[in-house]
Structure formats: C-alpha cells, structure tokens
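Take a look at the letters that make up each chain.
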Amino acid sequence: MFRWIVLPAAFAAVAALLYVTTRPLGGDPQASFFVIGSARPGVQVGQIAPGTAQDPSAQRLALTDLDGKPLVLAGYGGSPLWIVFWKTACQPCEDEAADVAAAYAAHHANGLVVLGVDVWDTGAAVHDYAADHPVAFPIAVAPTSAVADAYGIWGAPTHYFIDANGTIRDRYFGPMTRDLIDKSLAKIL
C-alpha cells in the first residue's frame with residue numbers, strides 16, 4: 001500500500017517543486033509598458049532642469065535638430081517647457097502622440113514649448129521617422145549620452161515639465177493620458 005499511495009504522491013510533489021523552481025519569478029516575462037534602458041536616478045521635482053538658461057552647465061547638453069543643426073535647451077528659457085523623451089520604435093510613445101499634439105495645440109498660444117527628444121536613435125533614423133509621423137513641435141536628437149545622463153532617462157516615454165524659470169515642476173515615467181497631461185501642464189502654465 002505504501003508504494004501505491006506515498007511514492008506517486010512524493011513523485012508528484014517533486015515534479016511540482018521542480019516546475020515551480022524553474023519558472024521565472026513573477027510568471028512568464030511580459031512586454032514592458034515602456035522601453036527599458038539602464039537605470040539612472042535623474043533629477044527631481046523642484047530642481048533646476050539641466051541645460052536650461054538657469055543651469056550653468058547648459059552648454060554641455062547640446063542637442064541637434066532634424067537637420068543636424070545645434071539646438072540647446074537654454075534657448076527655450078523664459079517659456080514653460082515640456083520635454084518628451086521618446087524613441088522611434090516605441091508603441092506607448094505612438095499611443096500618446098495624439099494627446100501630446102492636442103495639448104500642445106491647446107496651449108501653444110499660452111507660450112508652451114514642447115520638445116521631443118530622442119536619446120536612443122540616430123539622427124537619420126529620427127529624420128526618417130519624422131517624415132512619416134509629422135508633429136507641430138520641434139524634435140531633437142541627443143548625439144551623446146549627456147542629456148540622458150543628466151535627466152536620468154531609462155525608458156520611453158519619459159516626460160519633464162519645466163516652468164519658465166527652469167524649475168522642474170513635474171515628471172512622469174511612461175505613457176500619459178490627456179487627464180494626466182492636463183494636470184502636469186497646470187503646474188507650469
């Protein structure tokens with residue numbers, strides 16, 4: 001009787017234990033809701049935004065526009081600035097694009113500047129992407145990792161909301177809804 005009850009039960013228990021211990025923690029890997037890069041701490045709400053006119057290190061955070069011409073964040077001083085860090089192969093970035101464009105259209109007359117910054121792709125790749133996905137606000141490319149390092153960018157999309165004095169008033173990691181966008185914009189407009 002021992003062989004007929006205990007041995008099959010012990011075998012089942014060992015098989016279950018092997019199955020559980022060989023599975024990834026948290027179940028099967030799932031696609032992330034945003035693109036993951038290396039983790040960096042980044043700047044905090046209430047700090048002066050790196051590269052703005054109020055930050056003495058403004059010159060080291062040079063960007064380029066889609067034509068390869070230099071573009072610096074300090075050039076947007078005195079205006080509320082919303083920086084959207086994005087990537088060409090980012091579905092969440094595309095999903096929120098219509099809401100970003102609508103918010104920009106609604107607040108551009110109030111002085112809002114939106115700047116899309118790609119810190120992952122080459123200038124040529126971003127230029128080609130922008131040709132197929134036109135937007136009304138400027139798009140920049142970071143030729144070095146200085147911008148990503150300064151802002152602690154580790155995924156796309158990432159949003160920074162900077163007031164006219166260069167102070168970060170809000171930030172958001174991941175895709176935003178129109179309601180979240182409006183709440184963040186209210187802090188800088």
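Residues numbered from 1 in each chain as written. Predicted model: local features only at pLDDT ≥ 70, side-chain atom pairs only at ≥ 80, totals over all residues. Heavy atoms only, no water.

Undergrad: What's the story with the packing of aromatic side chains in this structure? I'm lost.
TA: Each pair of aromatic rings is reported with the distance of its centres and the angle of its planes. Enumeration according to the criterion identifies 7 aromatic pairs in this entry. With a centroid separation of 6.2 Å and an interplanar angle of 90°, the aromatic rings of Phe85 and Tyr160 are classed as edge-to-face. Taken as a pair, Phe85 in strand 4 (residues 81–86) and Tyr160 in strand 8 (residues 158–162) lie far apart in primary sequence, 75 residues in all. Phe85 gets classed as buried once you look at its relative accessible area, which sits at 1%. Relative to Tyr129, the ring of Trp86 has its centre 5.4 Å away and its plane inclined at 40°; by these criteria the two rings are tilted. On the criterion of sequence distance, the pair formed by Trp86 in strand 4 and Tyr129 in helix 3 (residues 123–132) is long-range, its members being 43 residues apart. You can call Trp86 buried: its relative accessible area is 10%. (Phe/Tyr/Trp six-rings, centres within 6.5 Å; stacked < 30°, edge-to-face > 60°. Helix = DSSP H or I, 4+ residues; strand = E, 2+ residues; numbered from the N terminus. Buried < 20%, exposed > 50% of the residue type's maximum accessible area, 1.4 Å probe, protein only.)

Undergrad: I'm lost on the pairing of strand 5 (residues 113–118) in this one. Help?
TA: Along any regular strand, the residues point their side chains to alternate faces of the sheet. Burial analysis of strand 5 places 6 of its 6 residues in the buried class, which makes it a mostly covered element. Residue alternation in strand 5 divides its side chains into two sets, Val113, Leu115 and Val117 and Val114, Gly116 and Asp118, and both sets are buried. Sheet analysis places strand 4 next to strand 5, joined by 6 bridges and oriented parallel. The residue of strand 5 that forms the bridge with Val84 is Gly116. (Pairing = 2+ DSSP bridges.)

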